[in-house]
Amino acid sequence: MTLRIGAARARDRDRVAEIVSSTGVFRAAEGAVALEVFDSAVERPGVDYFALGAFDEADRLVGFACYGPTPCTLGTWDLYWIAVDPAYQRQGTGRALMEACERAIERRGGRMVVVETSSRPDYGPTRAFYRKLGYRETARIPDFYAPGDDLVVYVKPLTPSGRDRVHG
Ligand SMILES: CC(C)(COP(=O)(O)OP(=O)(O)OC[C@H]1O[C@@H](n2cnc3c(N)ncnc32)[C@H](O)[C@@H]1OP(=O)(O)O)[C@@H](O)C(=O)NCCC(=O)NCCS
């Protein structure tokens, strides 16, 4: 499969909704928040969020990631959402999206990426994915999302170049 990674566009919104729902891990309220973050990223890129998409040969969105600078920090960035169409998982799409986010963050002066996820068993593959990409579990809040469902925080240090710095 030939993938293109590039800025997500407003016309990709329906595919974002489909992908979020088809992954089967997000609660309905989380899906709504994912769309809010996506809308903000494509309407006002960089004000709070950026969105990158992975596109197949037919220019169809098969995965996306939203990230942005963490407010009130110097050079810390959050990876807010990443999701890949299940039909396209385990083919390097998620890795390509994450690496593109990390390079963009470095160009903007970012020195650290933080991702938050759940300790639920259905997020096991997601945690394996982050660990494989060099993220380390740095904090955990027991019962954060629900009883028995901890918040797990992963961190990866970056090497900022600052070429496209927007803050910090
Ligand atoms: C997490 C997610 C984005 C990974 O996307 P992907 O395109 O399948 O990931 P890649 O193919 O690039 O995987 C890179 C590496 O991560 C690890 N990995 C990915 N999926 C895995 C799985 N299901 N089980 C174990 N390891 C996995 C592997 O080491 C993999 O390399 P390999 O295939 O060469 O062994 C995707 O599974 C997804 O959309 N999950 C549901 C949504 C979600 O949990 N989002 C994050 C929470 S906000």
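This one's a predicted model, so the numbers in the text were calculated from it and none came from an experiment.

Another aspect to go through is the overall build of the protein. When its secondary structure is counted, the protein shows 4 helices and 7 strands. Against the globule reference of 15 Å for 168 residues, the protein gives a C-alpha radius of gyration of 15 Å, in line with a compact fold. By residue count, 48% of the 168 residues in the protein fall in the buried class. Pairs at least 24 residues apart make up 63% of the contacts formed inside the protein by residues separated by at least 6 positions. As displayed, the protein has an accessible area near 8500 Å², and 53% of this comes from carbon and sulfur atoms.

Our next topic: the sheet that holds strand β6 (residues 136-146). Overall, mixed pairing links the 7 strands, which are arranged β1-β2-β3-β4-β5-β7-β6 in an open sheet. Edge positions in the open sheet fall to β1 (4-7) and β6, since each of these has one partner strand only. Strand-to-strand twist across the sheet, computed as the mean angle between neighbouring axes with direction ignored, equals 25°. Against the sheet, helix α2 (residues 28-43) makes contact with β2 (50-55), β3 (61-69) and β4 (76-84), and its axis sits at roughly 115° relative to β4, the strand it touches most. Contacts from helix α3 (residues 93-107) reach β1, β2, β3, β4, β5 (112-118) and β7 (149-157) within the one sheet, and its direction differs from that of β4 by about 160°.

Quick look at the packing of aromatic side chains now. A complete count under the given rule lists 10 aromatic pairs for this structure. Here Phe-26 and Trp-81 contribute two aromatic rings whose centre-to-centre distance is 5.0 Å and whose plane-to-plane angle is 65°, an arrangement assigned as edge-to-face. With a gap of 55 residues between them, Phe-26 in the loop between α1 (13-23) and α2 and Trp-81 in strand β4 connect regions that are remote in the sequence. Classification of Trp-81 as buried rests on a relative accessible area of 10%. With centroids separated by 5.1 Å and ring planes inclined at 90°, the aromatic side chains of Tyr-49 and Tyr-80 adopt a geometry described as edge-to-face. Of this pair, Tyr-49 sits in the loop between α2 and β2 while Tyr-80 sits in strand β4, and the two are 31 residues apart along the sequence. Among the aromatic side chains, those forming a connected cluster through ring pairs are Phe-129, Tyr-130, Tyr-135 and Tyr-154. Geometry around Phe-50 places Arg-108 over its ring, the cationic atom sitting 3.9 Å from the centre.

Basis of the calculations
Position labels on residues start from 1 in each chain and follow its written sequence. Since the coordinates come from a predicted model, pLDDT governs what is reported: local features require at least 70, and pairs of side-chain atoms require 80 or more to be given and counted, while whole-chain, interface and lining totals use all residues. Note that the side-chain values use all heavy atoms of the structure and ignore hydrogens as well as water. Strands are runs of DSSP state E lasting at least 2 residues, helices are runs of H or I lasting at least 4, and numbering of each runs from the N terminus. Computation of the radius of gyration draws on C-alpha atoms alone. For the globule rule, the value is 2.2 Å times the number of residues to the power 0.38. We call a residue buried when its accessible area falls under 20% of the maximum for its residue type, exposed when it is over 50%, and partly exposed in between, using a 1.4 Å probe and counting protein chains only. Residues are treated as being in contact if the distance between any of their heavy atoms lies within 4.5 Å. Computed by Shrake-Rupley with a 1.4 Å probe, the accessible areas treat only the displayed protein chains as cover when residues are assessed. Only when DSSP finds a minimum of two bridges between them are two strands counted as paired. With axes taken as lines fitted to C-alpha atoms, and helix axes fitted only over the stretch in contact, angles between N-to-C directions fall between 0 and 180 degrees. Aromatic pairing here means that ring centres of Phe, Tyr or Trp (its six-membered ring) are within 6.5 Å. Orientation follows from the plane angle: under 30 degrees is stacked, over 60 is edge-to-face, and everything else is tilted. A ring is scored as having a charge over it whenever the NZ atom of a lysine or the CZ atom of an arginine sits within 6 Å of its centre and within 35 degrees of its normal.

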